[in-house]
Amino acid sequence: MTVFLAGAAGAVGRPLSLKLVAAGHRVVGTTRSADKAAWLTSIGVEPTIVDVYDAAALKAAVVAARPEVVLHQLTDLPQVYDPATFPSALAGNARVRDEGTRNLVAAALAAGARRLIGARSQHTAGARRDETIRQRCRVSPGRCRAHASLRRAWPGGYHGCRRHPRPPTDRGRRGAPG
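Residues numbered from 1 in each chain as written. Predicted model: local features only at pLDDT ≥ 70, side-chain atom pairs only at ≥ 80, totals over all residues. Heavy atoms only, no water.

Participant: Hey, could you run me through the overall build of the protein chain in this one?
Facilitator: The secondary structure content of the protein chain amounts to five helices and seven strands. For the protein chain, the succession of helices and strands along the chain, N to C, is β-α-β-α-β-α-β-α-β-β-β-α. Relative to its full complement of 178 residues, the protein chain shows a buried share of 41%. Intrachain contacts of the protein chain at a sequence separation of at least 6 include 52% that bridge at least 24 residues. A total of about 9700 Å² of accessible surface is found on the protein chain, and carbon and sulfur atoms cover 54% of it. (Helix = DSSP H or I, 4+ residues; strand = E, 2+ residues; numbered from the N terminus. Buried < 20%, exposed > 50% of the residue type's maximum accessible area, 1.4 Å probe, protein only. Contact = heavy atoms within 4.5 Å. Areas by Shrake-Rupley, 256 points an atom, 1.4 Å probe, with all protein chains shown as cover.)

Participant: I tried to follow the pairing of strand 1 (residues 2-6) on my own but got confused; where do I start?
Facilitator: Consecutive side chains of a regular strand alternate in pointing toward one face of the sheet and then the other. Across the five residues that make up strand 1, a large majority, five, are buried. By the alternation rule, side chains of strand 1 split into Thr2, Phe4 and Ala6 and Val3 and Leu5, which are all buried. Crossover strand 1 to strand 2 (residues 26-31) through helix 1 (residues 13-22) is right-handed. Pairing geometry for strand 1 and strand 4 (residues 69-72), over four bridges, is parallel. The residue of strand 4 that forms the bridge with Phe4 is Val70. (Right-handed = clockwise from strand over helix to strand, strands pointing away. Pairing = 2+ DSSP bridges.)

Participant: Just to check I follow, could you spell out the side chain of Ser17 for this structure?
Facilitator: Relative to the helices and strands, Ser17 is located in helix 1. Given the relative accessible area of 0%, Ser17 is considered buried. In contact with Ser17, not counting residues within four places along its chain, are Leu5, Ala8, Leu40, Ile43 and Val45.

Participant: What is the right way to read the sheet that holds strand 3 (residues 46-49) from this model?
Facilitator: Hydrogen bonds between backbone atoms are what pair the strands of a sheet, whose relative direction is either parallel or antiparallel. Sheet architecture is open: five strands sit in the order 3-2-1-4-5, paired in parallel fashion. Among the strands making up the open sheet, the edge pair consists of strand 3 and strand 5 (115-118). Strand-to-strand, the axes of this sheet are offset by a mean angle of 20°, without reference to chain direction. In the sheet, strand 1 pairs with strand 2 via four bridges, with the strands oriented parallel. Looking across to strand 2, one finds that Thr2 is bridged to Arg26. Across the face of the sheet, helix 1 comes into contact with strand 1, strand 2 and strand 4 while running at roughly 170° to strand 1. (Axes fitted to C-alpha atoms, helices over the stretch in contact; angles between N-to-C directions.)

Participant: Just to check I follow, could you spell out the environment of Gly29 for this structure?
Facilitator: With respect to the secondary-structure elements, Gly29 resides in strand 2. Given the relative accessible area of 0%, Gly29 is considered buried. Considering only alpha carbons, one finds Gly29 and Val50, 21 residues apart in sequence, at a separation of 9.7 Å. Ignoring sequence-local partners within four residues, the contact set of Gly29 consists of Leu5, Ala8, Leu40, Val45, Glu46, Pro47 and Thr48.

Participant: Please clarify how the packing of helix 3 (residues 55-65) against helix 4 (residues 86-111) should be interpreted in this entry.
Facilitator: Working note: a packed helix pair is described by the angle between its axes plus the distance between those axes. At their nearest, the axes of helix 3 and helix 4 sit 8 Å apart, and the two run at 40° to each other. Compared by their axis directions, helix 3 and helix 4 come out oblique. Once helix 3 is placed against helix 4, the crossing between them reads as right-handed. Residues Ala55, Leu58, Lys59, Val62 and Val63 of helix 3 form the contact with helix 4, whose participating residues are Asn103, Leu104, Ala107, Ala108, Ala110 and Ala111. Class assignment of the residues belonging to the contact of helix 3 with helix 4 gives a composition of nine nonpolar, one polar and one charged. (Parallel < 35°, antiparallel > 145°, perpendicular 65-115°, else oblique. Left-handed = near helix turned anticlockwise from the far one by under 90°. Nonpolar A, V, L, I, M, F, W, Y, C, P; charged D, E, K, R; others polar.)

Participant: Can you help me understand the pattern of salt bridges in this one?
Facilitator: Side-chain pairs of opposite charge can arise where the charged atoms are in close proximity. Going through the model one piece at a time under the given rule, you end up with five salt bridges. The salt bridge involving Arg26 is made with Glu46; its shortest N-O contact spans 2.8 Å. Of this pair, Arg26 sits in strand 2 while Glu46 sits in strand 3, and the two are 20 residues apart along the sequence. In this structure, Arg114 and Glu68 form a salt bridge, with 3.7 Å as the shortest nitrogen-oxygen distance. With Arg114 in the loop between helix 4 and strand 5 and Glu68 in the loop between helix 3 and strand 4, this pair connects stretches of sequence that are 46 residues apart. (Salt bridge = Lys/Arg side-chain N within 4 Å of Asp/Glu carboxyl O.)

The structure is reproduced here in structure tokens:
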């Protein structure tokens, strides 16, 4: 299977890249640096250096990869915690999760990917910033904003958060198998 791994050289992306390659998948992974691209190549990942804020470049990279699955592991957090700079780091990370996610969803749809899978604690962007939701929701499955928002953006491809592994059916029955 071909997997497009956004954030392949990050904290979660690195071990995930190794596992996907070991499982025999073709992995195309994003990074922002040439040094990390060299490391990705050395483990068998096809690297693509791309800025997630450049929607056209991201779309071109995902479409060229022709993935069946797109994995979202994008973050922009510092490797070392510094209380003095952490508020600005959080703002940068929020931008990745909002604008970067929106660009990745659009690129995955354009590429015809069957599935989009996000990180467990990832914020995922809806159509507007105020619709941003946390996949680890705390409401009943029938009213889960995460499911509703992701199903609108990704029909049939979202399979729920950790707490609610299955979205409501298209017929609207709460908690019915999806």
